[in-house]
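Coordinate inspection notes
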Amino acid sequence: MYQFHFYNPVEVYFGMEYLDQLPFITRRYGERVLVLYSKSFSRCAGYVNLILNMLRKYDIHTAAVSMSTPNPKGAFIDRMSELCREEKIQVLIGIGGGTVLDSAKAVAASACTDGNCREWITGKKVLKKALPVIAVPTTAATGSEMNSGGLISFPERKEKISFGHPLLFPKAAFIIPEFTASQNREQTVAGCADVLFHIMEGNYFTRGEKTGTHLRIMEELMRDLIRYAGIVAEDLENYEARANLCIIASWALNGFLENGTGRLPVCHAMEHEISGYYDIPHAQGMAIIVPKWLRYIAEKGSEEQIAEFGKAVFQVRDRASQFQTAMETIDRLEYFLYTELALPSAFRTFGITDEYFAEMAEHICGGKKITGVYNLCSEDLVKILKKCL
């Protein structure tokens, strides 16, 4: 039987004409604000200054800090949390991609919790309160604007840890497609791949039985993602493509698609280990891992769902066997990622070796098997990671 609980309280304002509502929405929650913003976005069309001036015009005390790293760091979260306490900050506003939005959520939690952020992220302390967060995404990628989770890296411990809590849903999200045009081609296509993997590896290829409606929605979102990614890769200013990509990104990870799917994304777990050790961009790491994982599980007998995915999303025709259909599906996926989007296809791009693979695999499995489309043990994960070299 199908059973799930879906909850998402985020108030969404979509389109540039709603941006002037930001000060009024902010004042619902407080008058002292910390704005975290992407350094790269601050160089685009003066939007950050526009927002800061808009807030200050309405007598909102505003502190602003820029960010430029590819993954949020625990030490930064702790510094910003202390700043919030010193400045008596009441609201967090994140203007940027997943790094900035995840950081805003983590700071919102840590500012209301004693100790360092790792303590509540790992469950050593209970999160009972968080500052309100308002999200202004500048990428169509992580979907962090419509969910209550995130990722924080602790490079000194070679860790990248996920977190999530109902208190950390943004109170509001201002989704402005024009803002995503601040991204260059490399950043834009990486975001597109990230969205695809959220749907595909996070929700579609899962162990739980899914309703036909959920499956069809996922397949349509993935088809549209591939279509609009191709358009925006050639025309970075294309508003129609960017608007649709913003919608797909938000719905890919706002909780609706995972209802009843038995979500356990093993490729994300592997990439988080890789990023924890090597601090590489998440989407690029996923682009390398996912096709290798698919080939591995197809060769182990899990070709049926891959073949169905290929027929629904890439319009692959039935071949002589499901295995052949699955292999062509993976070929099509690799062509999309490595030729059309020009994403990296191997770890050697980042100077990664197999030195820590066994250690990473053990962190993920903990001596047990990871259940999914095909159950995997630590030895399986090492083999998959080695295929990525």
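In what follows, the accompanying structure is described.

**With respect to the overall build of the chain**
Helix and strand counts for the chain stand at 16 helices and 8 strands. Since a compact globule built from 389 residues should have a radius of gyration of about 21 Å, the 21 Å found for the chain is in line with a globular shape. For the C-alpha atoms alone, the extent of the chain along its principal axes is close to 70 × 45 × 45 Å. The long-range share in the chain, meaning contacts at least 24 apart out of those at least 6 apart in sequence, stands at 76%. For the chain, the accessible area works out to roughly 16300 Å², and carbon and sulfur atoms hold 48% of it. Of the charged side chains in the chain, 42 are positive and 46 negative; the average position of the first set lies 3 Å away from that of the second.

**Digging into the pattern of salt bridges**
Applying the stated criterion across every chain, the model contains 17 salt bridges. Residue Glu271 pairs with Lys160 through a salt bridge whose shortest N-O separation is 3.7 Å. In this pair, Glu271 sits in helix α11 (residues 266-278) while Lys160 sits in strand β7 (residues 159-164), placing the two residues 111 residues apart along the sequence. Judged on exposure class, the residue Glu271 and its partner Lys160 are both buried. The shortest N-O distance in the salt bridge between Arg319 and Glu328 comes to 2.5 Å. One connected set of salt bridges, linked through shared partners, spans Arg118, Arg157 and Glu159.

**Structural notes on the packing of aromatic side chains**
A full pass over the atoms with the stated rule returns 17 aromatic pairs. Pairing Trp251 with Phe256 gives two aromatic rings, centres 5.9 Å apart and planes at 80°, and the pair type is edge-to-face. On the basis of relative accessibility, which here comes to 38%, the residue Trp251 falls in the partly exposed class. Taken together, the ring pairs connect Tyr204, Phe205, Trp293, Phe309 and Phe314 into an aromatic cluster. Over the ring of Tyr356 we find Lys158; its NZ or CZ atom is 5.8 Å from the centre of that ring.

**Topic: helix α15 (residues 357-365)**
Those residues of α15 not exposed but buried are Phe357, Met360, Ala361, Ile364 and Cys365. Burial along α15 is one-sided: seen end-on, the buried residues are contained in an arc of 120°. For α15, the secondary structure elements touched by its buried residues are α11 and α16 (378-387). One or two steps after α15, the chain reaches Gly366, where phi turns positive at roughly 60°.

**Examining the environment of Glu178**
One can find Glu178 in helix α7 (residues 177-180). It is 7.0 Å that separates the C-alpha atoms of Glu178 and Tyr239, two residues lying 61 residues apart in sequence. When neighbours within four sequence positions are excluded, Glu178 is seen to be in contact with Met16, Tyr47 and Tyr239.

**Topic: a nonpolar patch on the surface**
Together, Phe4, Phe6, Ile247 and Trp251 line one region of the surface with nonpolar side chains, adding up to about 380 Å² of accessible area. With respect to the helices and strands, the residue Phe4 is situated in the segment before β1 (11-14). Take Phe4: its relative accessible area is 46%, and that puts it in the partly exposed class.

What counts and how
Residues numbered from 1 in each chain as written. Predicted model: local features only at pLDDT ≥ 70, side-chain atom pairs only at ≥ 80, totals over all residues. Heavy atoms only, no water. Helix = DSSP H or I, 4+ residues; strand = E, 2+ residues; numbered from the N terminus. Rg over C-alpha atoms; globule rule 2.2 N^0.38 Å. Contact = heavy atoms within 4.5 Å. Areas by Shrake-Rupley, 256 points an atom, 1.4 Å probe, with all protein chains shown as cover. Lys, Arg positive; Asp, Glu negative; His and termini not counted. Charge placed at Lys NZ, Arg CZ, Asp CG, Glu CD. Salt bridge = Lys/Arg side-chain N within 4 Å of Asp/Glu carboxyl O. Buried < 20%, exposed > 50% of the residue type's maximum accessible area, 1.4 Å probe, protein only. Phe/Tyr/Trp six-rings, centres within 6.5 Å; stacked < 30°, edge-to-face > 60°. Lys NZ or Arg CZ within 6 Å of the ring centre and 35° of its normal. Arc of directions from axis to C-beta. Patch = residues over 30% accessible without salt bridge, like charges linked within 9 Å, V, L, I, M, F, W, Y side chains within 5 Å.

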